[in-house]
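Okay, here's what each chain looks like letter by letter:
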Amino acid sequence: MSDVAISTRGLRKTYRTRRGRKVVAVQGLDLEVPAGGVHGFLGPNGSGKTTSIRMLLGLVRADAGTMTVFGRPVPAQLPDVVGRIGAIVESPKFFPAFTGEKNLELLAEAIGAPRARVGEVLEQTSLGERGRDRFRSYSLGMKQRLAIAATLLKEPDLLIFDEPTNGLDPAGIREIRETMRGLGEQGKTVLVSSHILAEVEQVADTVSIIGHGRLLASGTVAEVIGGGTAPTVKVAVGDHEAATRILVAAGLTVRADGKYLLVEGAPDPADVTRRLAHQELYVSELAPVRADLESVFLELTEGEGL
């Protein structure tokens, strides 16, 4: 298997509104998704995530750029790799009066998958004990897991999920998160698009953040978080004005945050304490401020109107 599951270069797509106005949905997107594990494809609603996925799947024609899936150019050679892809782009349709198991058996027959796969995928998605319950009795989270089970029938190497937790309650979100994490641990490549950055941070190995249809950042979660903001510590000290003057003179960035000072750029938090103590200002509280994907995203998109 190639080290890269998905690659796009200069991908572009524009639409025209009913009034004839041209809207750029994706502009020059360079995306690379490594094979194996969970890759978060992140951005706000309207940032071009779904359009990009539709172009990869041959559902929408790109205006410009190139795309490959497992090294094969798509859509030209999509038939050669489509058997290795499972995708949920819209809510799949199941028969409400049939059991989850029966729905999957009918689908397996339609696509030529072995019937034995039905039980296997129900277990993979933690639906083994509910497979004989009618689909109409399923919670939203269970319905989404059944949709994932359906994509697994043909044993794909790549799974693409577009906003899979939309409309789910916290329990349903946790179920989907655990299912995606399990698939990534099994060696599958899972591309999950979402605008809920904090949620994806808990499951993704690597991420790409886009805004206005272009790539803003990409890499492992640690790389993206670490590269987005300078080290920050939260400091409680009696004299804000004097402390700010001392720390700024040392080349640090300081800003007020209520009863705290937020100090950026200190290679070691102890350095902040030491500099203030030398001037007889003593810290009563000091803690690192942990960056997350949401804070990095907000910093990357500041001023872009996202």
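Shown above is the structure to which this text applies.
For clarity, every value in this text was computed on a predicted model and none was experimentally measured. (Residues numbered from 1 in each chain as written. Predicted model: local features only at pLDDT ≥ 70, side-chain atom pairs only at ≥ 80, totals over all residues. Heavy atoms only, no water.)

A. Summary view of the sheet that holds strand S7 (residues 158-162). Read across the sheet, six strands follow the order S6-S7-S8-S3-S9-S10 without closing on themselves; strand pairing throughout is mixed. Each having just a single partner strand, strand S6 (85-88) and strand S10 (214-220) make up the two edges of the open sheet. Geometrically, the sheet is characterised by an average inter-axis angle of 15° between neighbouring strands, direction not taken into account. Examined bridge by bridge, strand S3 (residues 37-42) and strand S9 (residues 206-211) share four bridges and lie parallel to one another. Its bridge partner lying in S9, Gly40 is registered against Val207. (Pairing = 2+ DSSP bridges. Helix = DSSP H or I, 4+ residues; strand = E, 2+ residues; numbered from the N terminus. Axes fitted to C-alpha atoms, helices over the stretch in contact; angles between N-to-C directions.)

B. Highlighting the sheet that holds strand S5 (residues 72-73). Reading across from one edge, S2-S1-S4-S5 is the order of the four strands in this open sheet, with antiparallel pairing throughout. The open sheet is flanked by strand S2 (22-34) and S5, the only strands paired with a single partner. With nine bridges connecting them, strand S1 (residues 4-16) and S2 associate as antiparallel partners. Looking at the pairing, Leu11 lines up with Leu29 of S2. Each of S1, S2 and strand S4 (64-69) touches helix H1 (residues 49-56); the most contacted strand, S1, lies at about 115° to it. (Contact = heavy atoms within 4.5 Å.)

C. Representation of the packing of helix H3 (residues 100-111) against helix H5 (residues 140-152) in the model. Relative orientation of the contacting elements H3 and H5 amounts to 30°, with a least axis distance of 10 Å. Here H3 lies roughly parallel to H5, going by the angle between them. Crossing hand, H3 versus H5: right-handed. Only Leu146, Ala149 and Ala150 of H5 make contact with H3, whose side of the interface consists of Gly100, Leu104 and Leu107. When the residues that make up the contact of H3 with H5 are grouped by side-chain class, the tally is five nonpolar, one polar and no charged. (Parallel < 35°, antiparallel > 145°, perpendicular 65-115°, else oblique. Left-handed = near helix turned anticlockwise from the far one by under 90°. Nonpolar A, V, L, I, M, F, W, Y, C, P; charged D, E, K, R; others polar.)

D. Summary view of the packing of aromatic side chains. One pass over the full model with this rule turns up three aromatic pairs. Taking the centre distance of 5.1 Å and the plane angle of 45° together, the rings of Phe95 and Phe98 count as tilted. Given the relative accessible area of 34%, Phe98 is considered partly exposed. In this structure an aromatic cluster arises from ring pairing among Phe94, Phe135 and Tyr138. Sitting above the plane of the Phe70 ring, Arg84 keeps its charged end 3.8 Å from the centroid. Just above the ring of Tyr260 sits the side chain of Lys234; from NZ or CZ to the centre is 4.7 Å. (Phe/Tyr/Trp six-rings, centres within 6.5 Å; stacked < 30°, edge-to-face > 60°. Buried < 20%, exposed > 50% of the residue type's maximum accessible area, 1.4 Å probe, protein only. Lys NZ or Arg CZ within 6 Å of the ring centre and 35° of its normal.)

E. Region of interest: the side chain of Lys188. Residue placement: Lys188 occurs in the loop between helix H6 (170-185) and strand S8 (189-194). Buried and unpaired, Lys188 has no salt bridge, with Asp157 as the nearest side chain of opposite charge at 5.0 Å. At a separation of 2.8 Å, a polar atom in the side chain of Lys188 contacts the main-chain carbonyl oxygen of Pro156. Other than its neighbours up to four places away in sequence, Lys188 contacts Gly36, Gly37, Glu155, Pro156, Asp157, Leu159 and Leu183. (Lys, Arg positive; Asp, Glu negative; His and termini not counted. Salt bridge = Lys/Arg side-chain N within 4 Å of Asp/Glu carboxyl O. Polar contact = N/O pair within 3.5 Å; in protein donor to acceptor, adjacent residues only side chain to side chain.)

F. Local environment of a nonpolar patch on the surface. Taken together, the side chains of Phe95, Phe98 and Leu106 define a hydrophobic patch exposed on the protein surface, amounting to about 260 Å² of accessible area. If you trace the backbone, Phe95 turns up in the loop between S6 and H3. Overall, the relative accessible area of 48% leaves Phe95 in the partly exposed class. (Patch = residues over 30% accessible without salt bridge, like charges linked within 9 Å, V, L, I, M, F, W, Y side chains within 5 Å. Areas by Shrake-Rupley, 256 points an atom, 1.4 Å probe, with all protein chains shown as cover.)

G. Structural context of the pairing of S1. Two successive antiparallel strands, S1 and S2, enclose a turn made up of five residues, where Gly20 displays a positive phi of approximately 90°. In the sheet, S1 pairs with S4 via five bridges, with the strands oriented antiparallel. Each bridged residue has a counterpart across the sheet, and for Ser7 the counterpart in S4 is Thr68.

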